[in-house]
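Residue-level structure breakdown
Listed below, chain by chain, are the residues.
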Amino acid sequence: MHKDERDPHTGYKTTGHEWNGIKELNTPIPRAILLFIIVTHLFALGYWIFMPAWPLGDTYTKGLLGADQKKRVEKEVAEAAMSRQAALEAIERQDYNTIVNDLHLMALVRENGKTLFRDNCSACHGAQGQGQSGFPSLADNDWLWGNSPEQIAKTIRVGVNADHPESRSSEMLAFGRDQLLQRGDVLDLVSYIESLSGKVPKNADSADSADSDGIALPKGQSIFAENCATCHGADAKGSTETGAPDLTDDIWIYGAGSDTIFHTIWDGRKGVMPSWDGRLTPLQQKILTLYVLGLNEEEQ
Amino acid sequence: MIQQLTKFERRFGLVISVLVAGAGLTLIGMSEDGLLAIHGTIILAAGFIAALLTGGTIHEPEPDAKRLESYYDDPIKFGIIVSMIWAVFGMFMGVWVATLLAYPEWTFDAAWSSFGRLRPVHTTGVIFGFGGNALIATSFHVMQRTSRARMADQLSPWFVLLGYNLFCILAVSGYFMGITQSKEYAEPEWYADIWLVIVWVAYFALYMRTLARRREPHIYVANWYYLAFILVVAVLHIVNNLAVPVSFGHIKSYSAFSGVQDAMTQWWYGHNAVAFFLTAGFLGMLYYYLPKRAGRPIYSYRMSIIGFWGITFFYMWAGSHHLHFTALPQWVQTLGMTFSVMLLVPSWIAAANALLTLNGAWGKVRDDATLRFMFLAAVFYGLSTFEGSFMAIRSVNALSHYTDWTVGPVHAGALGWVALITFGSFYALVPWLWKREGMYSSKLVEVHFWLALSGTLVYVFAMWNSGVIQGLMWRTYNESGALAYSFNESMVAMHPYYIARAIGGLLFLAGAVVGFYNIWKTTKMDTVQSSVPSGDGLIADDASHSR
Ligand code: HEM
Ligand code: HEM
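This section reports on the structure supplied with the text. (Residues numbered from 1 in each chain as written. Chains lettered and ligands numbered in written order. Predicted model: local features only at pLDDT ≥ 70, side-chain atom pairs only at ≥ 80, totals over all residues. Heavy atoms only, no water.)

Applying the stated criterion to the full structure yields 57 aromatic pairs over all chains. Residues Trp48 of chain A and Trp54 of chain A carry aromatic rings whose centres are separated by 5.2 Å and whose planes lie at 85° to one another, so their mutual orientation is edge-to-face. Relative accessible area serves as the criterion here: at 18%, Trp48 of chain A is assigned to the buried category. For Trp54 of chain A, a relative accessible area of 28% puts it in the partly exposed group. Pairing Trp86 of chain B with Phe89 of chain B gives two aromatic rings, centres 5.8 Å apart and planes at 75°, and the pair type is edge-to-face. Taken as a pair, Trp86 of chain B and Phe89 of chain B lie in helix H3 (residues 74-102) at a separation of 3 residues, close to a single helical turn. Given the relative accessible area of 30%, Phe89 of chain B is considered partly exposed. Connected via pairs of aromatic rings, a cluster forms that spans Phe128, Phe140, Tyr164, Phe167, Trp200, Tyr203, Phe229 and Phe277 of chain B. Looking at Lys62 of chain A, its charged tip hangs above the ring of Tyr60 of chain A, at a distance of 4.6 Å from the centre. In this structure, Lys286 of chain A is placed above the aromatic ring of Tyr96 of chain A, and the distance from its NZ or CZ to the ring centre is 5.5 Å. (Phe/Tyr/Trp six-rings, centres within 6.5 Å; stacked < 30°, edge-to-face > 60°. Buried < 20%, exposed > 50% of the residue type's maximum accessible area, 1.4 Å probe, protein only. Helix = DSSP H or I, 4+ residues; strand = E, 2+ residues; numbered from the N terminus. Lys NZ or Arg CZ within 6 Å of the ring centre and 35° of its normal.)

So, in structure tokens, the structure goes:
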């Protein structure tokens, strides 16, 4: 089938080959392509001359610019750290009280704290620090471990039930599962605790539950005094020493509702707040402390 | 269909089936964890069914000798249907994964449906399930037609297709169970990898044997591309998957490479998988079906040659552009970057050669949606290679890497190039193979075209936007020199684009469903004997069909 044919449309000859009806034209390579090849290859050549490029045994061509990505990144990181230091060193130097009263510094805290908080804390505490089931709100002026900047800073630094040697530790015992209390006792406690925060227990005024009616609350109170007061306090207002929460307000770590409270008392709880020592610099921790405090001012 | 195999082939097929079933049993027997036993069971079932099919026809008479005068097309038909099934499945998974990125809670709290497991199901489903079957099926068609020779035997094509799909099923079912060696696009574990090597060697041998029987003096470009695809994928697959199993009773294995060598091997593999699986193979498709459908000669034989050799040579060096600014020594990154830039030229030569071939057939492009699929594929091929070379430049990559910007061009390539050229080729091929007047409905081809185009555009524009916004948010500093945005805020900013992407994907998926329906309906139409469609017919007089 070797026959020279001319394609009427383009005017070029075919190569004379044919496969299943497909022919090929013998069109020369367009000039633009040659130009394009030259440009890209010159670019590559130039780049090789200036940058590290070709291996030579156990070394490589270093390039005229002496570029080194590792050195460059180290330098840039150091420069960035220095510029941050310059901008934020006032926060590092001043004490909490001064900063809180300095509008300019607090603006810096909010600006930098927001990113730090959202990158490190919001997965547990929520983007606005509003908390979620199992993770306390940091914006409600209600504190497990105290409301002073120093106490908050310590929580951030060492964590709670964390792997830091100085970590705060706290635990709500599994009274039901570990058979410290009977099921009935726990139910009485649930009613009692709900009454503390102003909730009328569901069965308090129903006629058919005479045994719990009026009896549950005093009974719950005495069980509480025996088992729970050591940590939560006799008034159940909690203690920043043990990290046991106030049970008389309507603020819950694990959520309101008898089922949840029952579950807490039966199976116990042991929330973990990671330690940020070594993961965040002292300055970053300080910014976060002030930022978290600031969340509460917005609340008021 | 099985009666078409010779008695010897049926017997040999039975032996292979029994061996496969035996391998499945062995895996079950060796299994120290339940997982290997599950995969052993799948292999056993596959071998068992194949044994029933071949064994059941073992006493049937020899097929008619006249068959040798025509091409062997049954496996091609099978491959097309299977490819479309994978397309619908894989793209459905794509839409699901896209939805998960916008609404992460859609995992239903189950392990199998977590993002990390569904994502490789999507990529494997579309690349290997849809793309791979399409490549194998069309390569069987192209190699026979352009060689004017029937396939070397009738058993190998079935072994290749069925074996390959067994591999895909092992891969995908494995991800759902958490089986992965965590190398992107090479996730399946050692036993599946070994199986693929066997299948692939059979594929290569079949291709070479058929080419050796050719009655044409020269080998057509499409075959060069298909062969490059088969050969290089074999090399890549074997090297990147070198690993030592924990024990032969355990699915888990450890890579032979570690540290930055491992990363480099993986992306040498990953990039060349893109080059030789998603590019070279589909260029083979383009170089056959486009001129065939357009009825035009290839614009330039010389451009075919430099395009082909340029692509095969330059791609091999470019893998390190996936590892810019990492622990990989800078000089390796330089080479990856510069070779990627030089790679743009042959890539565009290949695209331009296809587009210029359409000179003199633009009227057809306007009227014929099938040809328009192919035309658009070549355009998107040009677009995604341009973006690829652009993103390979280190300073651009500093912005684009880790962002959705990568995912955008990936899908300009995957949807716009890979999927469109496949659909176009199928629409041309299906009526030829089944000897039908044309597709069941040319309106539906038109509908598919617009769904695919709009889906691709929505997807790609959404990702460009979100990618650039993401990249910029991650590098914006406030006055104190600290990052201005948290990652969380960049996620919030992505949300609308992720929804848009899911909608674009849905459009594209809808198109694929329409296409599948149309193809299925076409296979159910009446055969037209009178007009043998071009590209088909008897081997002996095939040359007379040339236009
Ligand atoms: C219905 C259409 C499709 C949708 C909605 C879709 C969606 C997605 C999504 C959401 C991802 C994950 C992106 C991420 O992790 O950020 C993805 C990844 C990917 N998809 Fe698709 N996809 C579709 C079709 C395809 C097709 C047809 C192909 C190939 C032929 C393909 C190839 C890929 C590849 C290679 C990746 C990995 C990209 C990377 O790692 O950068 N997709 N797809
Ligand atoms: C001239 C040709 C091409 C060049 C130079 C090129 C270059 C690149 C670059 C620089 C990246 C981003 C790497 C990163 O930052 O992580 C990339 C990613 C990717 N490209 Fe290309 N590309 C080309 C063509 C194509 C084509 C035609 C396709 C397929 C359809 C494709 C599929 C992909 C995929 C799937 C990824 C994502 C890999 C991953 O991270 O999972 N590329 N390519």
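Let's shift gears to the nonpolar core. The biggest cluster of nonpolar side chains holds 155 residues, and the ones touching the most others in it are Met91, Phe140, Phe229, Phe277 and Phe423 of chain B. For this core, the leading source of residues is helix H8 (residues 259-294) of chain B, giving 17 residues. Apart from the residues within four sequence positions on either side, Phe423 of chain B is in contact with Met84, Met91, Phe130, Phe373, His448, Phe508 and Ala512 of chain B. By size, the runner-up hydrophobic cluster in this structure holds 31 residues, among which are Leu138, Ala139, Ile152 and Trp276 of chain A. (Core = buried A, V, L, I, M, F, W, Y, C linked by side-chain atoms within 4.5 Å. Contact = heavy atoms within 4.5 Å.)

All names here are of chain B. Surveying the vicinity of ligand 1 reveals 23 residues, the closest of which are Arg119, His122, Glu184, His411 and Ala414. Between ligand 1 and Arg119, the relevant distance is 2.7 Å, taken from an oxygen atom to a side-chain nitrogen or oxygen of the residue. Within the side chain of Tyr185, a nitrogen or oxygen atom sits 3.4 Å from an oxygen atom of ligand 1. Taken together, the residues of the shell around ligand 1 sort by class into 15 nonpolar, 5 polar and 3 charged. (Near = heavy atom within 4 Å. Polar contact = N/O pair within 3.5 Å; in protein donor to acceptor, adjacent residues only side chain to side chain. Nonpolar A, V, L, I, M, F, W, Y, C, P; charged D, E, K, R; others polar.)

Residue and element names in this part refer to chain A. If you walk through the whole model with that rule in mind, you get 0 disulfides over all chains. Left without a disulfide partner, Cys231 is nearest to the cysteine sulfur of Cys228, which lies 8.7 Å away. What makes Cys231 partly exposed here is its relative accessible area of 33%. (Disulfide = S-S within 2.5 Å.)

All names here are of chain B. Of all residues adjacent to ligand 2, which total 24 residues, the nearest are Glu184, Tyr185, Val274, Asn397 and His401. Within the side chain of Tyr185, one N or O atom sits 2.7 Å away from an oxygen atom of ligand 2. Separating an oxygen atom of ligand 2 from a side-chain N or O atom of Asn397 is a distance of 2.9 Å. Elements represented by at least two residues in the shell around ligand 2 include exactly H8, helix H10 (330-357), helix H12 (369-391) and helix H14 (404-434). With 5 residues, the top contributor of residues to the shell around ligand 2 is H12.

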